[in-house]
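Residues per chain, in single letters:
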Amino acid sequence: MRLIGNICWLLLGGLAIALAWALIGILLCLTVVGIPFGLQAFKMARLTLTPFGRQVIYGGGLGSWLANLLWIILGGWWLALAYLVAGLVTMLTVVGIPFGLQAFKMARLALMPFGSSV
């Protein structure tokens, strides 16, 4: 089921979103200050490419908390909101429920990417 879910995900927009995250990661890594944020964008791209069967583990200490706070202030909240809205819309149908659950997983990671691992 994971394979079928990931194939459907890729065909229905997951590939385009993952490529967008990768491009954002490349652009952020062009500056020294943006490298930590670029690495988080690559983490999002990896999860967005094949979300079914992957688990996000959250951890980290004070440094991760401070980096997540800066991430949220700079725009992480609207990324998480976009994934939340997409998840709610896809869950309107029975077929979309698994895709909505994956969007919720990505919403949490988009809100707090520092200190987490996929």
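In this text, all values refer to a predicted model and were calculated from it rather than measured experimentally. (Residues numbered from 1 in each chain as written. Predicted model: local features only at pLDDT ≥ 70, side-chain atom pairs only at ≥ 80, totals over all residues. Heavy atoms only, no water.)

**Student:** It is not clear to me how the overall build of the protein should be interpreted in this structure. Could you clarify?
**Tutor:** Regarding its fold elements, the protein presents four helices and two strands. Relative to the globule expectation of 13 Å for 118 residues, the C-alpha radius of gyration of the protein, 14 Å, shows essentially globular dimensions. Dimensions along the principal axes, computed over C-alpha positions, put the protein at roughly 40 × 25 × 20 Å. In the protein, 71% of the contacts between residues at least 6 apart in sequence involve partners at least 24 apart. Taken as a whole, the protein presents about 7,000 Å² of accessible surface, with 80% of it coming from carbon and sulfur. (Helix = DSSP H or I, 4+ residues; strand = E, 2+ residues; numbered from the N terminus. Rg over C-alpha atoms; globule rule 2.2 N^0.38 Å. Contact = heavy atoms within 4.5 Å. Areas by Shrake-Rupley, 256 points an atom, 1.4 Å probe, with all protein chains shown as cover.)

**Student:** What exactly am I supposed to notice about the UniProt feature "domain: Inner membrane component" (unreviewed entry) in the protein here?
**Tutor:** The UniProt entry lists residues 4-54 and 66-115 under the feature "domain: Inner membrane component" (unreviewed entry), expressed in the numbering used here. Span residues 4-54 is 78% helix and 0% strand, its end C-alpha atoms 14 Å apart. Counted over residues 66-115, helix gives 80% and strand 0%. Its end C-alpha atoms are 10 Å apart. (UniProt positions renumbered as here; feature names shortened; annotations may be inferred.)

**Student:** Could you clarify how one ought to interpret the side chain of Asn6 in this entry?
**Tutor:** Its location among the elements puts Asn6 in helix 1 (residues 2-28). Sequence-distant contacts of Asn6, that is, excluding residues within four places in its chain, are made with Thr50, Pro51 and Phe52.

**Student:** Explain a nonpolar patch on the surface here, please?
**Tutor:** Taken together, the side chains of Trp77, Trp78, Leu81, Leu84, Val85, Leu88, Val89 and Leu92 define a hydrophobic patch exposed on the protein surface, amounting to about 840 Å² of accessible area. Structurally, the position occupied by Leu92 is in the loop between helix 3 (62-90) and helix 4 (97-111). (Patch = residues over 30% accessible without salt bridge, like charges linked within 9 Å, V, L, I, M, F, W, Y side chains within 5 Å. Salt bridge = Lys/Arg side-chain N within 4 Å of Asp/Glu carboxyl O.)

**Student:** Could you clarify how one ought to interpret the packing of aromatic side chains in this entry?
**Tutor:** Aromatic ring pairs are defined here through the distance separating the ring centres and the angle between the ring planes. Scanning the entire structure with this criterion turns up six aromatic pairs. With centroids separated by 6.3 Å and ring planes inclined at 80°, the aromatic side chains of Trp9 and Phe52 adopt a geometry described as edge-to-face. Residue Trp9 is located in helix 1, and its partner Phe52 is located in the loop between helix 2 (35-49) and strand 1 (57-58); the two are separated by 43 residues in the primary sequence. Here Trp9 matches Phe52 in class, with each residue buried. With a centroid separation of 5.6 Å and 90° between ring planes, the pair formed by Phe37 and Phe114 is classed as edge-to-face. Separated by 77 residues along the polypeptide, Phe37 in helix 2 and Phe114 in the loop between helix 4 and strand 2 (116-117) bring together distant segments of the chain. Three or more aromatic residues joined by ring pairs make a cluster, and in this case those are Trp9, Phe52 and Phe99. Across the ring face of Tyr58, the terminal group of Arg108 is positioned such that the distance to the ring centre comes to 3.9 Å. (Phe/Tyr/Trp six-rings, centres within 6.5 Å; stacked < 30°, edge-to-face > 60°. Buried < 20%, exposed > 50% of the residue type's maximum accessible area, 1.4 Å probe, protein only. Lys NZ or Arg CZ within 6 Å of the ring centre and 35° of its normal.)

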